[in-house]
Amino acid sequence: MDGSDPSTEVKRGAEAMWEALVAEGVEVVFGYPGGCIMPAYDVMPRYPVRHILCRHEQGAAHMADGYARVSGKVGVAIATSGPGATNLVTGIATAMLDSIPVVFITGQVPSKFIGTDAFQETDITGVTIPITKHNYLVTRAEEVYPILREAFELARSGRPGPVVVDITKDALQNVCAPVAPKPATSSKRPSRAKRGLAPSKPISEHDLDRAAALIASAQRPVILAGHGIVRSGSTELVTQLVEKCDIPVGLTLLGLGGFPATHPHALGMMGMHGEAWVNQAIQEADLLIALGMRFDDRVTGNLATYAKNAKKIHVEIDPAEVDKNVRVDVALIGDLKEVLERLLPRVADKKHAAWNAALGAKRAEVAPIDIVNTPHDGRLFAAHVMHDLYRLTEGKAVVVTDVGQHQMWEAQYYKHDHPRGLVTSGGLGTMGFALPAGIGAAFAAKEKEVWIIAGDGGFQMTAAELSTCVQDGIKVNVAIINNGYLGMVRQWQELFYGGRYVATPIVSPDFVKLADAHGLPGMRVTKREEIPAAVAAARATDKTFVVEFRVEAEDAVYPMVPAGADLHDMIRRPSKNNGGAK
Ligand SMILES: Cc1ncc(C[n+]2csc(CCOP(=O)(O)OP(=O)(O)O)c2C)c(N)n1
């Protein structure tokens, strides 16, 4: 916050709202108007902020989220009271679980009506208590500016996250009194905001020395690289640590790109659909160095057997995450970048030739049975699409995925070498995320091409946002992986529910005609050979382009650690060269 007092400069709460956004450098907001937020929309054209009209407020929330993930800035979504605000909820929870800084501004009924079940009244601060880093109810025009500035600061500081600012219609309409505003935070609960603020205790020299000593004595160390690397911008420093100490790196889903996938020390993704050699490396390690990750259950499998013989160092910004799932030997609570800057001079050069060679050998065993390396008798597998998309875009695209099998195949086959090149809902696993998040990402990606990868199920959840692309001239490339099923659930039914496919076959519209109905170009791909032409056609137009990939219907994602099973106890890739398909 710059500490200035704008209350003498601005006239109404609605104007103060935009003043605050302009002061924060906001260039684009995503939203949908309605009664209580109308005063804000009315004055919007006076401010240098672009507004994107979503087709559903969930879309606005994911757009702001996608924008935040790619730009590294705070995203902004706006909705009216009641149904507008509640439609944001899935997007707020998505941002919360993935620690994405987004400020959600909602209109609220006039303060005198609060609590009367007035038309379009919902207690949105009440609703969002568990899924925000903090939220505010603003009832006075004077509060609008300072609280919004505070909300931005809170959203991006410490462990980032979503903040809701609910503003009553009268606070937007009223004239700000020309007095210094009181910091009248109206949250209804004790501040969880503390969670995101800078840790209170400084990192001790002693703990840094203990971490360095563990690294010095380890024979089989593994670094676990998480989302914190991306968020703190620590790629360079992690690479230094890796190269200095010759340590292999496993990545979480949200960590992908935080450490380059093509680096010789990169093992790939860990966890439920992680590669066998990565999970084995973790189970055989004598030291885990967890950097900006939170030992999510999708990553650890059975906690009782997780990396049993390993000492553990945990570098994490949020103290609440330390010792939550996995007990650690050394906790370094703070900004990863700062920790690494202080840790690096304390660690000596080291080699782990035998350990790295052993992991490399395990990896080499898998390559010959990988679907992308084997003859495919003309059939199209989703893995082909991911692999070829990676090749054709030279790994430089910003890829935004939805949730399901395609999400895991993308993580396995698109090699991310750069931070912020993958946008995906990891924590909440929100279907319907990809198209709107991709639209938001497009505003931040600037000159990079954006590829949205969605399943036939998830795409249909938010497909209405194709209209947004048309109205606002947004260029994204949409790849729909159509297997005729809610694939990931079908896979679980196949493996764990006796093959009973209940409510997972799904009918879809003709996606190419759907694009056409929006005035957008599209193409259908049924053979691997057709992939390059589709990518070329998508690139050749400045309109949003839809490619429907008709892929093998009953293919499965392997390897797989069944939920709650031991991390090393995974279902391997089938040895026949047909992927998992029947
Ligand atoms: C909003 C929401 N509802 C339900 C689920 C549960 N779910 C997870 S994956 C999945 C299937 C996704 O199917 P599809 O979009 O076709 O992608 P595929 O798995 O076939 O690649 C479902 C239903 C979810 N993650 N999100």
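Higher on the page you've got the structure.
Note that the structure is predicted; figures quoted are calculated from it, not measured.

Asks: Help me get a handle on the sheet that holds strand 13 (residues 398-401), residues and values and all.
Replies: Taken together, six strands build an open sheet; the order of strands is 14-13-15-16-18-17 and the sheet is parallel. Strands at the two margins of the open sheet, each flanked by one partner only, are strand 14 (422-423) and strand 17 (522-525). Alignment of strand 13 against strand 15 (residues 450-455), held across four bridges, turns out to be parallel. Directly across from valine 399, in strand 15, lies its bridge partner tryptophan 451.

Asks: Residue-level account of the site of the ligand, with values.
Replies: The ligand sits among 17 residues. The nearest are Gln405, His406, Gly429, Asp456 and Gly458. For the ligand, an oxygen atom lies 2.8 Å from a polar atom in the backbone of glutamine 405. Contact between the ligand and tyrosine 485: an oxygen atom at 3.0 Å from a main-chain N or O atom of the residue. Against a free-state accessible area of 590 Å², the protein chains account for coverage of 76% of the ligand. For the shell around the ligand, the secondary-structure elements that each account for two or more residues are helix 17 (405-413), helix 19 (456-461) and helix 21 (487-496). Examining the composition of the shell around the ligand, we find that four residues originate from one element, helix 19, more than from any other.

Asks: Talk me through the sheet that holds strand 9 (residues 266-269); I want residue IDs and the actual numbers.
Replies: Taken in spatial order, the six strands of this open sheet run 9-8-7-10-11-12, and their pairing is parallel. Looking at which strands have only one partner, the edges of the open sheet turn out to be strand 9 and strand 12 (330-333). Each strand of the sheet is rotated relative to its neighbour by a mean of 15°, with strand direction disregarded. As judged from the five bridges shared by strand 10 (residues 287-291) and strand 11 (residues 311-316), these two strands associate in the parallel manner. Within the sheet, the bridge partner assigned to leucine 287 lies in strand 11 and is lysine 311.

Asks: Report on the pattern of salt bridges, specifying residues and quantitative values.
Replies: One pass over the full model with this rule turns up 32 salt bridges. Note that arginine 46 is salt-bridged to glutamate 15, the shortest N-O span being 2.6 Å. Placement of the pair is arginine 46 in the loop between helix 2 (38-43) and strand 2 (50-53) and glutamate 15 in helix 1 (residues 13-23), with a sequence separation of 31 residues. When salt bridges that share partners are traced, they join Glu205, Asp209, Glu338, Arg342 and Arg346 into one network.

Scoring rules and cut-offs
Residues numbered from 1 in each chain as written. Predicted model: local features only at pLDDT ≥ 70, side-chain atom pairs only at ≥ 80, totals over all residues. Heavy atoms only, no water. Pairing = 2+ DSSP bridges. Helix = DSSP H or I, 4+ residues; strand = E, 2+ residues; numbered from the N terminus. Near = heavy atom within 4 Å. Polar contact = N/O pair within 3.5 Å; in protein donor to acceptor, adjacent residues only side chain to side chain. Areas by Shrake-Rupley, 256 points an atom, 1.4 Å probe, with all protein chains shown as cover. Axes fitted to C-alpha atoms, helices over the stretch in contact; angles between N-to-C directions. Salt bridge = Lys/Arg side-chain N within 4 Å of Asp/Glu carboxyl O.

In short, shape yes, function no, at least from these values alone.
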